[in-house]
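# Structural description and commentary
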Amino acid sequence: MRYEAPETVESAAALLQSTAGARILAGGTDLLVQMRGDVVDPTLIVDIKRIAETRTVTEEKGGWRIGAAVTGAELKEHPRLKNVWPGVIEAANLIGSTQVQGRATLGGNLCNGSPAADSVPALIAAGAVAALAGPRGRRDLPVEDVMLGPRRLALEPGEFVVSFLLPPRPPRSSDAYLRFIPRTEMDIAVVGAGVSLTLDAAGTITAARVSLGAVAPRVLLVAAAAQAIVGSRLDKPAQDRLEAAARAACAPIDDKRGTVEFRIHVAGVLARRAALIALDRARTA
Ligand SMILES: Cc1cc2nc3c(=O)[nH]c(=O)nc-3n(C[C@H](O)[C@H](O)[C@H](O)COP(=O)(O)OP(=O)(O)OC[C@H]3O[C@@H](n4cnc5c(N)ncnc54)[C@H](O)[C@@H]3O)c2cc1C
């Protein structure tokens, strides 16, 4: 097995294209576990952490660009991000333990291709766009279009995620992410829900995005759930509509960690609670 740590996006893309079975290494908290478990056996590992673009957080056109290899711990310590995107930051910081958060990245969480990945519903609710680079150049892809199903991505051979762009935030906007796990931490989401919304001066929701994780083969953007609350002040009827729309979107698996019925029920509950938290935050944002 070969290990390379290129310093530019272009050389990383060329390396990835050069060798069948090459894998990106970011934090390694999924990849190394899968290598130890003989799930994957890469011939070439391309470590992207020396590429400056993947490791920085910068303001861009009123929004925020977050490098794909920035860790959850680094996001949490950023002086301004958590005020603008508290839901994204709390989702990233639910990943694993303190030790795991020192390594785990947003890019790795998305590209591992798990429908239960914690940061992905929060990124989708945020309207984040992934900046991709590959042998044929660069392109942007909304995060909801990156994952096609378990371990299946819309990335072309040799393509990788360089960064994520979080859009500019109007006043009175905020977000929230909640997950259900059978224990208090270090577990995989049985259901995850991300909500981002914007209020007008009277407290009416003018825009919203709702995303659900672990209830379908890919993380879902649930447009009907967002439509259910736009134009409302999230009163009880709007909450009920949100719950119903979230549940209607679910097509979960049945396993020992949660039955189909349980996951569908919890998806509605978490979507409503995340919306209420986002609403509360938006009032003072
Ligand atoms: C103890 C433990 C607890 C965990 N708890 C959670 C949890 O609570 N919630 C959760 O969601 N996950 C959890 N995970 C899984 C893992 O930590 C996360 O998915 C993490 O975000 C992966 O990021 P990474 O940087 O370590 O990815 P890596 O392991 O480096 O990479 C993961 C995969 O993505 C690919 N990849 C990485 N970066 C890119 C990129 N920029 N472009 C294209 N492909 C890329 C790699 O080739 C690999 O296939 C846990 C893992 C462990 C070991």
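Each chain carries its own residue numbering, running from 1 in the written order of its sequence. The predicted nature of this model means local features are confined to residues of pLDDT at least 70 and side-chain atom pairs, given and counted, to a pLDDT of 80 or more, with totals for whole chains, interfaces and linings taken over all residues. Hydrogens are left out, water is left out, and the side-chain values use all remaining heavy atoms of the structure.

## Comments concerning unusual backbone geometry
The test is simple: Runs of H or I in DSSP of at least four residues are treated as helices and runs of E of at least two as strands, each being numbered from the N terminus. Each residue is assigned to one of three classes by its accessible area relative to the maximum for its type, calculated with a 1.4 Å probe on protein chains only: buried under 20%, partly exposed between the two thresholds, exposed over 50%.
Within the chain, Lys 61 stands out as a residue other than glycine whose phi angle is a positive 50°. Here Lys 61 shows up in the loop between strand E4 (57-60) and strand E5 (63-67). With a relative accessible area of 76%, Lys 61 lands in the exposed category. Unlike most non-glycine residues, Ala 214 shows phi in positive territory, near 70°. Under the relative-accessibility criterion, Ala 214 is labelled buried at 10%.

## Things to note about the site of the ligand
The criterion, for reference: Throughout, the term near means that a residue has one or more heavy atoms lying within 4 Å of the molecule or strand in question. Here a polar contact is taken to be a pair of N or O atoms separated by no more than 3.5 Å, where protein atoms must pair a possible hydrogen donor with a possible acceptor and residues adjacent in sequence count only if both atoms sit in side chains. Exposure was quantified through the Shrake-Rupley algorithm and a 1.4 Å probe, taking into account, for residues, occlusion by the shown protein chains and nothing else. Side-chain classes follow a simple rule in which Ala, Val, Leu, Ile, Met, Phe, Trp, Tyr, Cys and Pro form the nonpolar group, Asp, Glu, Lys and Arg form the charged group, and the remainder, Gly included, forms the polar group.
Residues in close proximity to the ligand total 30 residues, the closest being Ile 24, Thr 29, Asp 30, Thr 105 and Asp 118. In the model, an oxygen atom of the ligand is placed 2.8 Å from a nitrogen or oxygen of the Gly 28 main chain. The separation between an oxygen atom of the ligand and a polar side-chain atom of Arg 179 is 3.0 Å. Calculation on the ligand without its partners gives an accessible area of 990 Å², and the protein chains cover 88% of this total. The set of elements that each furnish at least two residues to the shell around the ligand consists of strand E2 (22-25), helix H7 (106-111) and strand E10 (160-166). Of the residues in the shell around the ligand, the class split is 15 nonpolar, 9 polar and 6 charged.

## With respect to helix H11 (residues 260-283)
What counts, and what does not: To estimate how far a helix should reach, multiply one less than its number of residues by 1.5 Å.
The end-to-end C-alpha distance of H11 is 35 Å, a good match for the 34 Å that 24 residues give at a rise of 1.5 Å each. Taken residue by residue, H11 has Arg 263, Val 266, Ala 267, Gly 268, Val 269, Leu 270, Ala 271, Ala 274, Ala 275, Ala 278, Leu 279 and Ala 282 as its buried positions.

## Here's the deal with the environment of Ala 223
Assignment of secondary structure puts Ala 223 in helix H9 (residues 223-227). The class for Ala 223 is partly exposed, based on a relative accessible area of 44%.

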